[in-house]
Amino acid sequence: MASQSDVLEIGPGEGRAYSLGRMRAVFKADHGETGDRYAISEWWLEPRSPGPGAHLHEHHEDIVYVLEGTASILVGEEWRDLAKGSFLRIPANVMHDFENRSDAEVGLLNIFMPGGFEEMMPSIVKWFEDNPQG
């Protein structure tokens, strides 16, 4: 049974931050805090910035909630423009990507189920360091 000591509170600007060129990620909760059940992170993209590139997850679902701006999100072969307050669930094995095609910053809240995504972040950061975006 959970107790008050199991409550996790992380304030604004807190979490494990990763710089990915013109994009940054801040992980609020992942493997250790959630028992690998889910990962929660914020993703922030500068104006006119590409995202991570089209990809899919074989065993994970992505939940995306737009915190700020209008995000362009690829689902399968279709790009969708999602405004602040929009919600999107991307099932496992569906190709997806996100980018910022606007002149304002875009913020996304991402829930990745099951968790463990953060364990991939060092290799993702290294890829962005080796492949700078324009």
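Report follows, based on the coordinates. Everything numeric here is computed off the predicted structure, so don't read it as measured data.

With respect to the packing of aromatic side chains
At step 1: In total, this model carries 4 aromatic pairs according to the counting rule given.
At step 2: Pairing Tyr 18 with Phe 27 gives two aromatic rings, centres 5.8 Å apart and planes at 90°, and the pair type is edge-to-face.
At step 3: Taking the centre distance of 6.3 Å and the plane angle of 75° together, the rings of Phe 27 and Trp 43 count as edge-to-face. In this pair, Phe 27 is assigned in strand 2 (residues 23-29) and Trp 43 in strand 3 (residues 39-45), connecting sequence segments 16 residues apart. Neither residue differs from the other here; Phe 27 and Trp 43 are each classed as buried.
At step 4: These aromatic residues form a ring-pair network of at least three members: Tyr 18, Phe 27, Trp 43 and Phe 98.

Let's talk about unusual backbone geometry
At step 1: Residue Pro 114 is reached from Met 113 by a cis peptide bond, and omega for that bond is -5°.
At step 2: Among the secondary structure elements, Pro 114 is positioned in the loop between strand 9 (106-113) and helix 2 (121-130).
At step 3: Notably, Asp 36 is not glycine yet its phi reads approximately 65°, a positive angle.
At step 4: Residue position: Asp 36 is located in the loop between helix 1 (31-34) and strand 3.
At step 5: Classification of Asp 36 as partly exposed rests on a relative accessible area of 37%.

Topic: the environment of Ser 72
At step 1: Residue placement: Ser 72 occurs in strand 5 (residues 70-75).
At step 2: Separated by 10 residues in the primary sequence, Ser 72 and Leu 82 place their C-alpha atoms 6.3 Å from one another.
At step 3: Filtering out sequence-adjacent residues up to four positions away, Ser 72 remains in contact with Trp 79, Arg 80, Asp 81, Asp 97, Phe 98, Glu 99 and Arg 101.
At step 4: A polar contact is formed between the side chain of Ser 72 and the side chain of Asp 81, at a distance of 2.7 Å.

Quick notes on the rules
Residues numbered from 1 in each chain as written. Predicted model: local features only at pLDDT ≥ 70, side-chain atom pairs only at ≥ 80, totals over all residues. Heavy atoms only, no water. Phe/Tyr/Trp six-rings, centres within 6.5 Å; stacked < 30°, edge-to-face > 60°. Helix = DSSP H or I, 4+ residues; strand = E, 2+ residues; numbered from the N terminus. Buried < 20%, exposed > 50% of the residue type's maximum accessible area, 1.4 Å probe, protein only. Contact = heavy atoms within 4.5 Å. Polar contact = N/O pair within 3.5 Å; in protein donor to acceptor, adjacent residues only side chain to side chain.

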